[in-house]
Amino acid sequence: MSQSFTIAEDYVEPAPEHTWVAVDSEDNLGKGFNSKGEMNFWWADGSWSQTADPCFSYADGVYTITTVENGGSEWMAQSSIHAPLDIQEGETYDISFKIVASKALSRYTFKLCEETDDDNTLLYINNLELEAGENIVQLPNKKKTNGSFSEAKMFFEVGGAPAGIDLQISDIVVQKHKLK
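Residues numbered from 1 in each chain as written. Predicted model: local features only at pLDDT ≥ 70, side-chain atom pairs only at ≥ 80, totals over all residues. Heavy atoms only, no water.

Student: Help me understand the sheet that holds strand E2 (residues 40–43), please; the structure alone is not making it clear to me.
Tutor: Strand pairing in a sheet relies on backbone hydrogen bonds. The paired strands run either parallel or antiparallel. Taken together, the five strands give an open sheet; going across it, the order is E2-E5-E10-E7-E8, and neighbouring strands pair in antiparallel fashion. Two strands lie at the open edges of the sheet, namely E2 and strand E8 (121–130), each paired on one side alone. In this sheet, neighbouring strand axes are inclined to one another by 20° on average, regardless of whether the strands run parallel or antiparallel. As defined by bridge partners, strand E7 (residues 105–114) adjoins E8 across six bridges and the pair is classed as antiparallel. By the bridge assignment, Tyr108 is partnered in E8 with Leu128. (Pairing = 2+ DSSP bridges. Helix = DSSP H or I, 4+ residues; strand = E, 2+ residues; numbered from the N terminus. Axes fitted to C-alpha atoms, helices over the stretch in contact; angles between N-to-C directions.)

Student: Can you walk me through the nonpolar core in this structure?
Tutor: A general feature of soluble globular proteins is that nonpolar side chains tend to end up buried together. In terms of nonpolar packing, the biggest core is built from 39 residues, with Phe33, Ile95, Phe97, Phe110, Leu112 and Phe156 touching the most fellow members. The contacts of Phe97, once residues within four sequence positions are left out, are Tyr108, Phe110, Asn135, Ile136, Val137, Leu139, Phe156, Ser170, Asp171 and Ile172. (Core = buried A, V, L, I, M, F, W, Y, C linked by side-chain atoms within 4.5 Å. Buried < 20%, exposed > 50% of the residue type's maximum accessible area, 1.4 Å probe, protein only. Contact = heavy atoms within 4.5 Å.)

Student: Help me understand the environment of Lys111, please; the structure alone is not making it clear to me.
Tutor: Within the element layout of this structure, Lys111 appears in strand E7. Judged by its relative accessible area of 11%, Lys111 falls in the buried class. A polar contact is formed between the side chain of Lys111 and the backbone oxygen of Asp118, at a distance of 3.0 Å. (Polar contact = N/O pair within 3.5 Å; in protein donor to acceptor, adjacent residues only side chain to side chain.)

Student: Any chance you could explain the packing of aromatic side chains here in plain terms?
Tutor: Describing an aromatic ring pair means giving the distance of the ring centres and the angle of the ring planes. Per the stated rule, a full pass over the model turns up nine aromatic pairs. Ring centres of Trp75 and Phe155 lie 5.4 Å apart, and the angle between their planes is 85°; on these two criteria the pair is classed as edge-to-face. Within this pair, whereas Trp75 is found in the loop between strand E4 (62–66) and strand E5 (77–87), its partner Phe155 is found in strand E10 (residues 149–157), the two being separated by 80 residues in sequence. Taking 5.2 Å as the distance between ring centres and 85° as the angle between the ring planes, the aromatic pair formed by Phe97 and Phe156 counts as edge-to-face. Of this pair, Phe97 sits in strand E6 (residues 92–101) while Phe156 sits in strand E10; the two residues are 59 residues apart in sequence, bridging distant segments of the chain. Put simply, the rings of Phe41, Phe56, Tyr58 and Tyr63 pair up and form one aromatic cluster. (Phe/Tyr/Trp six-rings, centres within 6.5 Å; stacked < 30°, edge-to-face > 60°.)

The structure is reproduced here in structure tokens:
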């Protein structure tokens, strides 16, 4: 199995001496995402009418989604995890997760925002790519500039993905920014 690392340079400053906490560490503010065990879905056809949810399972901290037909545009294949997360305005955070993809995807969106206000966002990035196999996505050094929140939703959005791709999401870390 190949492994791909993505550091989203467009949205963060480089952090050459960066360190990550363990998934089960008390310093992982987002560890609740790893044990929630359920996702919310909103998948739509080309006319924005909601269609069938993707196939879904959860076991041992791994969320597995098998894509179904969708309308092809961003936000037409939304999968989100909802969990408590204490994000404070003015603080800087690091986000990391693993996605194992059965096939490569040329585009997916990641968004982390307040549960009740999609505009109160810590991070939104819509031009991430997945290689077939294991992908470790690291999004360090993101400063929260416009409000705090304590309940969050984390989106993995794959509008345009063909049906039948398996995505396994795990090892989610949200931490206060850390350097070695």
